[in-house]
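Observations on the model geometry
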Amino acid sequence: MNTIVVLSTRPRPCVLGCQRLVLAGMLVLVAISVGHSEDATDAPKSPVEKLADDLTSTELGTRRDAAYGLAKLGHEAFGALDALIKSLSDRDEQVWMQSAMAIARIGADAEPAIDALVENLGDRDQQKRYRAAWVLFRIGPSAIPRLQETLASPSSERRAAALDAMGWMSDNASDLAPTLASALSDENDNVRQQAAKSLSRLGTPATDALGQALNHDDSAVRAIAAEGLSHVGKVSESIRDRLVELLSDPNGDVRCAAVVALSSSDLERERLIEIIIAAISDIETDVRGAGVLALRKLGKDSDQAIPSLARLLDGDDIRARQSAAFALASMGPAASAATDDLLRALKKHPGEGQEIAHALSRLGAAAVTPLLRATDDPEQSLALLSSALAGIGPSAILPLIEALNDDSIPARVGAAQSLGGMIPPPPSAEDNLVACLNRSENQLREAAASALGNYKTLKPESIATLISLTEDSDGAVRGAAIYSVAKVDASNVRVREVLIAAVQDNASIVRRRAIDGLATLGTEAVSALAAVTGALSDADSDVRLSAAAMLSGMGESAKSSVPQLLPLLDDSDARLRSAGVAAIGAIAIPTTETAQAVSKLLGDENPTVLLNVLVSLTNMGSHAAENTASVVQLTKHADVAIRGAAVKCIAKTESDATKSVPLLIEALSDSDWTVRRDAAQSLGDLGGAAKASVAKLFNLLDSDEDEDAASGALRSIDDADASAVQTLIEGLESENRRKRYYAVFLLGKVGPDAKDALPILQRLLDETDSGRYRESYQKAIEAIQGKA
Amino acid sequence: MSTAMSSKKQSGSILDRTVSRRNVLRGVGVSLALPWMESLAPRVSAASLGGTPAMPQRMAFLFVPNGVHLPDWTPQLDGFGYDLPHILSPLAPVQDDVTVISGLTHDKGRANGDGPGDHARSASVFLTGSQPRKTEGADIRSGVSVDQVAAKLTGRATRFASLELGIEPGRSAGGCDSGYSCAYSSSVSWSSEATPLSKEVNPRFVFERLFSDKPSGTRDKDALRREALRKSVLDYISDDAKRLQSTLGSNDRQKLDEYLGGVREVERRIERSNDEPRISMDVDYPIPQGIPGNYGEHIRLMCDMMVLAFQTDRTRIATFMLADAGSNRSYRHIDIPEGHHELSHHRGDAAKHAKIREINRFHVAQLSYFLQRLKATPDGDGSLLDNSMICYGSGLSDGDRHNNENLPVLLAGRGGGTIDAGRHIRVSTETPMCNLFLSMLDRFGSPVDYMGDSTGRLAGLEI
C-alpha cells in the first residue's frame, strides 16, 4: 500500500510550517517514483506499509499486533495514517486504543484524523472520550476549529470532551479562552464545570475569564475558577478583591479555593496571615485544611502566624483550638516558639489533648526538656505529656533514658511511659527500664513494667526480673508486671503458672490483669479454665467482666462454664449481661434450653446487650426458631446495627424459607445500606430458595451502595422465576452493564416462562458486535425456547 | 526471564569507577558498602562550599494483590491532616510523609476485549501501564516498567541498577490466570516489553549479593564458607572497620556503629530463619532455607534489605511484590485462615469485608515498618525517606469487582523536597497511573516524554 494521503482539504494554520511541506513533498516524490516503477505491485513493502496492511486484517491478533507496532513508532507511523484513522472505528478496544496512541505520537501531521476523533468524543466509554480528547490535543491547533464546532453538539458529553481537549492546549490559550468562557454559560452543569476546569489548565491567558467566573451562579464553577487562579499567581487587584469577598461565600468549597488562590497571590503578608487564621477557624474541615496549606506555603515566614495561632489555642472555639494545634504541628520545629502556649493549652483543654500532644511532639528534640519539666505540674496529664514525648521519636531516646534518673519522680515516670510508648520501643532502653523495676518508687516500677510489655521480645533476664515483680508488694505494680509478662511471653509454661496463680491475688487489679493476660492465649488457655470460671463469681465486677470476655475467646473448649455464665444474664450491670450473653453464644453447644435462657433478654433496653443476644441466637440456629416473632420486631429498631443483626438472625434461625424470605425481602427496603447488605447476603445464602427476591435484588444493582451485595446474592441464588421476568426484560437495555449481564443470564434461568423476552433478546443478538454477548444471548434464547 | 537483581554485566569496572575505596569496607569475599558520612564526603563538596550536598533519589514500588477494601482505605478528608481509615491507620507515625492519591486508573488492566484474567493483568500493568498480550506461551508482551525506565537512565551510578524482590517464588512459564502466562502474575518489573524480571524471594541471597564482592550470579563459595562457619560478614571486615573508626569524627563513629549493628541484626534474623522449621501454615509450598516461615518477618527482612541497599547506595531502585497477583495465601497469623483471593470475592459479605480489611491493614503495617526504617536512617541533612519516593498500591481497586479505576495508591517520601507530602489528593476520573510515574521519573532525574498510556504529568504533588 502506498500511503500518500497527507494533504488535507482543511486549511492548515501556518504554524505547521515548512517541515510538513517538505515531508509531504517527499512522500509525493516517493509515490511518484513508486508509480513509475515497472512493477509497483511487486515492490517490497516497508515495515510501516506492512503494519498498515495488517491493521485491516480480519484476524484480531494481527490487527492488535499491528496497532501495537505502530504505536511504538512515533512519527514514523505517519505512513499508516489512513489505516490508523480507519481503525478508530475498530470494535476492539485494544486496536482502537493503540491506533489512537499511534496517531497521538504522530502529532500535528495527523490532522486528517481529526474528524474521526471528534466522532469518538461522544462515545459511551468515558476512557475513550478522555483518550480521544487527549489525542486531539496532541494533534494541536488544527483541531481547534472542529472542537469549537463540537460545542454546538446536542450531546453534553461530547461538548464536555471537546472542552477537555481545548483545556490541554495551553500553547493556544489566548485564542481558546473566549470560547471556554462562553461555555461557562452552557445549560449543562458538567459542561460548565469542565469549561472552568479547562480554563484553569490554560493558566495566565485565562486569568480574566477565570476572574469573571468568580461571579458565576454555579458555586462549583466559582470554586473551580478560584482554584484555577491559584495556578496563575499574580492577579489584578479587582480579582484579588473578589477572592477576598469569596472568603465569606456560603459554599465551603468556594471559601476553600479562595484561601488557596489568595495564598498564591501577592497579597501583603500581614493580610494573608489574617486570612489564614480566619480560615483555620472556619466551620468546614476543608477550609481549615486550606488554611494550613496556605500557612505551609509561607515557608519561613510562617512563624509570623505563631502569635495568632497561640491566641486561637487559648480561645473558646474547640474547632479553632484543634486546627491551631494541627497548624502548629504542620510547622514542625519551626513552631518551637509556641512550646509554652501548647503546654498551657494541654493543661487547660485536655479534651483536645491528643491534637496538642501531637503538635508538641512535632517540635522535635527541643521540646523534650520542657515536656519533662511539665511533668512536675500536677495539673498536667502525665499520659498526654508522655504521649508527646514518645511521638518525638529517636531524637528523644537518649534524654529520656537519662531522665529515668531525674531528681523528679514524675519526670522519671513520664520518661518510662514515653519510652514504652514509642513505636517500636527502643532496644537501647530495655536495660534501663529493667533497672527501674528495682527502684523504690511504686509509680516508676509500674510504669517501667508497663513499658517493657510493649516490647515484642525481651532478653530472658529481663523476663525473669518482670516475673519476680509479679510478687511485688504493690498491687498496681504486680498488675502491670503480670500483664506485661503475658504480652511478651504468654506461651512460657512458667509465665502461665504465674498468671493462673494471680487470678487468686488479693488485689482485684491483679486478678483482672492476670485474666486479661491469659486471654491473649485464646483457645490455648484451657489449663486456666477452672480459675477463670471461678472468677465469674468474683466480688469485683471488672474481674467478672474480664473473665466472661476471656471465655468468649476460648470457643467450645470453655463450654463447661456455661452454667456459671447464666447468672450474669440477670446482673444489674448491663456490661456483664452483655459479656455473659456474648460468651454463651460463643461457647455453648446450641440447645433449645440455652436459646430460651438467652432469649429472655430480647426485651433488654441496652442496645449492646440486644446486639449480643441476637448474635448468640444466630449462633444457635434452628434451636432459636421459636423467637422469630420477637426478632422480627427488632428489624424495626432505631439502631441500625440491631436491625442488621435481627435480619441475620432470622435468616439463620428460621428454617422455613417461605417465612424467612418475605421478611428478608422486606429488609431489602431498609433505609440503611448495611441492613440491606445483610438481607441480600442472607438471601444469597439461601440459594435457589430465595429466587422470589430476584426482582428486588436486581433493582438494587443501580445503587452504588447495594451493587456488590446484590450481585453477590444474585450469583448465589443462581435462579429466577416468572415474578422477575418483567423487571429483567426492562434491564436488558439498561445503561448499567452489570444489569444487562444479569438480565440476560437470569432470563435464561427462568426458562419458558420468560418467553416475552424472546423478541428483544433476538434483536439484541442481531445487533451485537461482541462475541461474549452473542454467546450469552444465544444461550438465554435457547433456554427460554426449552432447547438448553 | 532475566536476572533477579539487575546488575550490570561488567559490575567490577563500574563499581571501581563510582565507589571510592574509602566508603567500602573489605574482607575476604566481602565488600561492605558504607552509608553516606560527612567524614567520607569528597573534600570539595557542596557542603564545604556552603550548600547541602545533593543526595541521590531512591525509588521503590510495592505491589499488593487482590485490590483493597476501599471504604476502609480512602480518607474522607482531602489535603493535609487527612483522616486515616482503618487500613491506613498503621501509617500514623509517618503520616506526614505519606501522600494518598485517589482516582488513578490503569485502563490497560481492563479486559479491553480479552475477557477474564484480571489478576494477571493487574500485576503486569501495575508498573508498565501496558496491556499484556493474552497468552500462556512464550510470546508474552507487556511494556517497560517505570523502575526499569529509571534503571536504564540512572542505574549505571550504582552497583545494581535495580533490585527486584518478592515473597512468593511464582512461576515464569505456563498458565496462571485464565489464559495468561504466569510471568504476568509473578512479575511487576519488565526490562523490555517481552522480558519480565524474575524476583528474588530469599533474603539470604539478597544479603549476600549486597555484601559480596563477587560480580553476580549464584552464591559464591565465600558465602557458603561463612555460612558453614556461622561467621558474620562483619567478622571479615572488622580490621578494616577498626582502621576506619580511627579516622572518623564522633558523629560518624556513632553512625558507623549503628550501621554495622543494623547489618548484624539483619544477618542474625536471616540466620534464625535458617534454623526455623520449614513449615508455614500460610502457603502450600515448601519454604527454602533462608526464608522465614513467618510472613511478616519475611516482608520486614526484605524491607530491611531495601533500606540497606539504599543506605549504602548499592542501588537506588527497587520493586517488591508482597504477594503475587491473585495470591490465595492465608493469613493465619492474624486469625484469617481463608485464602486472600477467595476472600476478595466477597460478594458484599460483611464478614469477608472485615477479614479483607485486616489483610490490607497487615500489608500496610509492613509498609509502615519500611517507611519508619527509612525515616530513621539519616541521609545527608535529612533521612532516607526524605530522599525517596515509595509507591505502594494494587493494580486492582476492589477484589470482587475487579475494577481498575480509583486504584488504591499512595506515595511516601518527599522526593528530595520536591513533594509536599502528608496530603490526600484526588485526581480526575480516568487519570492514568502512568502520569504519576512520569512525575516520579522527573523527580528521579530520568524524565521521559511518555510511558505506558500516560497523557502527561500528574499535577499537584507539590503545593
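Keep in mind it's a predicted model, so treat the numbers as computed, not measured.

Right, let's get into the overall build of chain B. The helix and strand tally for chain B stands at 12 helices and 19 strands. Relative to its 463 residues, chain B shows a buried fraction of 57%. Long-range pairs, those at least 24 residues apart, make up 69% of the contacts in chain B between residues at least 6 apart in sequence.

Looking now at the overall build of chain A. The number of helices and strands found in chain A is 47 helices and zero strands. Expressed as a percentage of its 788 residues, the buried residues of chain A come to 48%. Considering only intrachain contacts with a sequence separation of at least 6, the fraction spanning at least 24 residues in chain A is 67%.

Residues and elements named next belong to chain B. Counting buried positions along strand β12 (residues 317-321) yields five of five residues, so the element is predominantly enclosed. Residues Ile-317, Thr-319 and Met-321 line one face of β12 and the alternating positions Ala-318 and Phe-320 line the opposite face, and both faces are buried. Summarising the sheet, strand β4 (residues 58-63) and β12 pair through five bridges and their orientation is parallel. Counted as the bridge partner of Ala-60 is Ala-318 from β12. Summarising the sheet, strand β7 (residues 160-166) and β12 pair through four bridges and their orientation is parallel. Across the sheet, Leu-165 pairs through a bridge with Phe-320, a residue of β12.

All names here are of chain A. Inspection of the secondary structure assignment puts Ile-144 in helix α8 (residues 144-150). When the C-alpha positions of Ile-144 and Leu-176 are compared, they lie 8.3 Å apart, and in sequence the two are 32 residues distant. Ignoring anything within four residues of it in the chain, the contact list for Ile-144 reads Asn-172, Asp-175 and Leu-176.

Our focus in this paragraph is helix α12 (residues 433-444) of chain B. All names here are of chain B. Taking 1.5 Å per residue, 12 residues should reach 16 Å; α12 reaches 17 Å between its end C-alpha atoms and fits that length. Turning to α12, its buried residues are Met-433, Cys-434, Asn-435, Leu-436, Phe-437, Leu-438, Ser-439, Met-440, Leu-441, Arg-443 and Phe-444. On its buried side, α12 packs onto β4, β6 (98-105), α3 (146-154), β17 (388-393), β18 (409-412) and β19 (423-432). Gly-445 occupies a position one or two residues after α12 and carries a positive phi of about 85 degrees.

Moving on: unusual backbone geometry. All names here are of chain B. Look at Asn-66: it is not a glycine, yet its phi comes out positive at around 70 degrees. Looking at Asn-66, the number of C-beta atoms within 10 Å reads 30, which means it is buried. One non-glycine residue, Asp-335, lies in the positive phi region at around 65 degrees. Within the secondary structure layout, Asp-335 lies in the loop between β13 (330-331) and β14 (336-339).

The next subject is the interface of chain A and chain B. Many analyses report the size of an interface as the accessible area lost when the parts associate. Counting residues at the interface gives 31 residues for chain A and 22 residues for chain B. The set of elements that each furnish at least two residues to the side of chain A that touches chain B consists of α5 (93-106), α7 (126-139), α17 (285-297), α19 (318-331), α41 (673-686) and α43 (707-717) of chain A. Per-element tally for the side of chain A that touches chain B: the top contributor is α17(A), with eight residues. Residues belonging to the side of chain A that touches chain B are distributed by class as follows: 11 nonpolar, 10 polar and 10 charged.

Turning to the packing of helix α11 (residues 189-202) of chain A against helix α13 (residues 219-232) of chain A, a few remarks are in order. Residue and element names in this part refer to chain A. At a minimum axis distance of 8 Å, the contact between α11 and α13 shows a crossing angle of 5 degrees. Considering the angle they form, α11 stands roughly parallel to α13. Judged by residue contacts, Arg-192, Gln-193, Ala-196, Lys-197, Leu-199 and Ser-200 of α11 engage Ala-220, Val-221, Ile-224, Ala-225, Glu-227, Gly-228 and His-231 from α13. Along the lines of polarity and charge, the residues of the contact of α11 with α13 split into six nonpolar, four polar and three charged.

All names here are of chain A. For helix α23 (residues 382-392), a buried count of eight out of 11 residues is recorded, marking the element as mostly surrounded by other parts of the structure. What α23 keeps buried is the set Leu-385, Ser-386, Ser-387, Ala-388, Leu-389, Ala-390, Gly-391 and Ile-392. Tucked into the core, α23 has its buried residues touching α21 (353-362), α22 (368-374), α24 (397-403) and α25 (409-421). Residue Gly-393 follows α23 closely and has a positive phi angle near 85 degrees.

The side chains of a regular strand alternate between the sheet's two faces. All names here are of chain B. In terms of burial, β4 is largely enclosed, as six of its six residues are buried. The two faces of β4 match: Arg-58, Ala-60 and Leu-62 on one face and Met-59, Phe-61 and Phe-63 on the other face are all buried. By the bridge criterion, six bridges tie β4 to β17 in an arrangement that is parallel. Directly across from Phe-61, in β17, lies its bridge partner Cys-391.

Moving on, we come to the confidence of the model for chain A. Close inspection of predicted coordinates is inappropriate in any region flagged by low pLDDT. On average, residues of chain A carry a pLDDT of 90, and 94% of them reach 70 or more. Scored below 50 in pLDDT, residues 1-40 of chain A makes 35 contacts in the model with residues more than four places away or belonging to other chains.

With that settled, the discussion passes to the nonpolar core. By size, the foremost hydrophobic cluster in this structure holds 258 residues, and its most contacted members are A:Leu136, A:Ala226, A:Leu328, A:Ala416, A:Leu518 and A:Leu614. The dominant element in this core, judged by the number of residues it contributes, is α5(A), at nine residues. Residues contacting A:Ala226, with those up to four places away along its chain left out, are A:Leu214, A:Leu243, A:Leu246, A:Val254, A:Ala257, A:Ala258 and A:Ala261. Listed in part, the 106 residues of the second largest apolar core include B:Ala161, B:Tyr259, B:Ile270 and B:Leu441.

A word on the confidence of the model for chain B. Residue and element names in this part refer to chain B. This prediction gives chain B a mean pLDDT of 82; 79% of its residues lie at or above 70. Contacts of residues 7-22 to residues separated by more than four positions or lying in other chains number 17 contacts, the stretch itself having pLDDT below 50. Across residues 42-53, where pLDDT falls below 50, the model places 12 contacts with residues more than four positions away in sequence or in other chains. Both confidence scores are given for the complex: pTM 0.70, ipTM 0.75.

Residue and element names in this part refer to chain A. Within the secondary structure, Ser-408 is located in the loop between α24 and α25. Residue Ser-408 is classed as partly exposed on the basis of its C-beta count, with 14 C-beta atoms lying within 10 Å. As for Ser-408 and Arg-373, which are separated by 35 residues in sequence, their C-alpha atoms are 8.7 Å apart. Those residues in contact with Ser-408 that lie beyond four places of it in its chain are Thr-375 and Asp-376.

This part is about the packing of helix α3 (residues 60-73) of chain A against α5(A). Residues and elements named next belong to chain A. Where α3 contacts α5, the two axes come as close as 8 Å, and the packing angle between them is 20 degrees. Our classification of the angle between α3 and α5 gives roughly parallel. Judged by the sense of rotation from one axis to the other, the crossing of α3 with α5 is left-handed. Each of Arg-63, Arg-64, Ala-67, Tyr-68, Leu-70 and Ala-71 in α3 lies in contact with α5, whose residues at this interface are Gln-94, Val-95, Gln-98, Ser-99, Met-101, Ala-102 and Arg-105. The residue inventory of the contact of α3 with α5, partitioned by class, reads seven nonpolar, three polar and three charged.

Reading guide: rules and limits
Residues numbered from 1 in each chain as written. Chains lettered and ligands numbered in written order. Predicted model: local features only at pLDDT ≥ 70, side-chain atom pairs only at ≥ 80, totals over all residues. Helix = DSSP H or I, 4+ residues; strand = E, 2+ residues; numbered from the N terminus. Buried ≥ 20, exposed ≤ 12 C-beta atoms within 10 Å, placed from the backbone. Contact = placed C-beta atoms within 7 Å. Pairing = 2+ DSSP bridges. Expected span 1.5 Å × (residues − 1). Nonpolar A, V, L, I, M, F, W, Y, C, P; charged D, E, K, R; others polar. Axes fitted to C-alpha atoms, helices over the stretch in contact; angles between N-to-C directions. Parallel < 35°, antiparallel > 145°, perpendicular 65-115°, else oblique. pLDDT = per-residue confidence, 0-100. Core = buried A, V, L, I, M, F, W, Y, C linked by C-beta atoms within 7 Å. Left-handed = near helix turned anticlockwise from the far one by under 90°.

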